[in-house]
Amino acid sequence: MLPRRLAREMKTVRAMIEIYCRETHSTTSEGLCEACLQLAIYAEKRLAGCPFQQNKPTCGTCRIHCYKPDMRQRIKAVMHYSGPRMILHHPLLAIAHLLDEKLIRPPRIKANPSAHSKSRDDHS
Ligand SMILES: [Zn+2]
């Protein structure tokens, strides 16, 4: 079982990808286009493998950037587009995420740095 926060973050990232896909890729039904589906699956895998689990900071404040570079670019585009829209579409998830961002300090210790060292260099 996933810690509740991770389960909620999965819902949040999925909702953001759905907004992005529907509005920028003109996806009609409930589903996601192929590329966005891949991104959603990738994001869920990264969350499930997050070394901080229940103490996880929000990905935006985390010191470990565990996404590989092309996925990182894609998720950044999604966050940039859907972030401001979340308060309208999913106010509860948006507020919970904002609270996490304020309340949870990014852990200082690097958990398992070897597994993540490849993509940690980019702080932009
Ligand atoms: Zn899409």
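From a predicted model like this one, the values you see are computed outputs, not experimental measurements.

A. View of the side chain of Thr12. Assignment of secondary structure puts Thr12 in helix α1 (residues 4-24). According to the relative accessible area criterion, Thr12 is buried, its value standing at 7%. Dropping the residues within four chain positions of it, Thr12 is found in contact with Met86 and Leu93.

B. Broad picture of a nonpolar patch on the surface. Residues Ile87, Leu88, Ile95, Leu99 and Leu103 make up a contiguous nonpolar surface patch of roughly 530 Å² in combined accessible area. In terms of residue count, helix α4 (residues 91-103) provides more of the nonpolar patch than any other element does, three residues in total. Structurally, Leu88 is set in helix α3 (residues 69-89).

C. Here's a closer look at the nonpolar core. Grouped together as the largest cluster of nonpolar side chains are 24 residues, with contacts concentrated most on Ile17 and Met86. Within the residue set of this core, elements represented by two or more residues are α1, α2 (34-48), α3 and α4. No other element matches α1, which puts nine residues into this core. Beyond its immediate chain neighbours, meaning those up to four positions away, Ile17 contacts Leu32, Cys36, Leu39, Ala40, Ile75 and Val78.

D. Examining the pattern of salt bridges more closely. Per the counting criterion, the structure on display carries six salt bridges. The closest approach of N and O atoms between Arg5 and Glu9, which form a salt bridge, is 2.7 Å. Taken together, the residues Arg5 and Glu9, both in helix α1 and four residues apart, mark about one turn of the helix. Assessed through its relative accessible area of 7%, Arg5 is described here as buried. Because the salt bridges share partners, they merge into one network encompassing Arg5, Arg8, Glu9, Lys56 and Asp100.

E. Molecular detail of the coordination of the zinc ion. Coordination sphere of the zinc ion, protein contribution only: Cys21 (SG), His25 (ND1), Cys33 (SG) and Cys36 (SG), at 1.9 to 2.3 Å. Coordination at the zinc ion is tetrahedral, judged from the four donor atoms that bind it and the angles of 103 to 124° they form at the metal. One chain supplies every donor for the zinc ion, spaced along it as C-x3-H-x7-C-x2-C. When its relative accessible area of 3% is taken as the criterion, Cys36 is described as buried.

F. Focus on unusual backbone geometry. Of note, Ser26 is a non-glycine position whose phi angle comes to about 50°, a positive value. One can find Ser26 in the loop between α1 and α2. Owing to a relative accessible area of 57%, Ser26 belongs among the exposed residues under this scheme. Positive phi is not limited to glycine here, since Gln53 has a value of about 45°. Mapped onto the fold, Gln53 is located in the loop between α2 and α3. On the basis of relative accessibility, which here comes to 26%, the residue Gln53 falls in the partly exposed class.

Rules used in this analysis
Residues numbered from 1 in each chain as written. Predicted model: local features only at pLDDT ≥ 70, side-chain atom pairs only at ≥ 80, totals over all residues. Heavy atoms only, no water. Helix = DSSP H or I, 4+ residues; strand = E, 2+ residues; numbered from the N terminus. Buried < 20%, exposed > 50% of the residue type's maximum accessible area, 1.4 Å probe, protein only. Contact = heavy atoms within 4.5 Å. Patch = residues over 30% accessible without salt bridge, like charges linked within 9 Å, V, L, I, M, F, W, Y side chains within 5 Å. Areas by Shrake-Rupley, 256 points an atom, 1.4 Å probe, with all protein chains shown as cover. Salt bridge = Lys/Arg side-chain N within 4 Å of Asp/Glu carboxyl O. Core = buried A, V, L, I, M, F, W, Y, C linked by side-chain atoms within 4.5 Å. Donors = N, O, S within 2.8 Å, 3.2 Å for Na, K, Ca; no water. Tetrahedral: all angles 85-135°; square planar, octahedral: opposite > 155°, others 65-115°.

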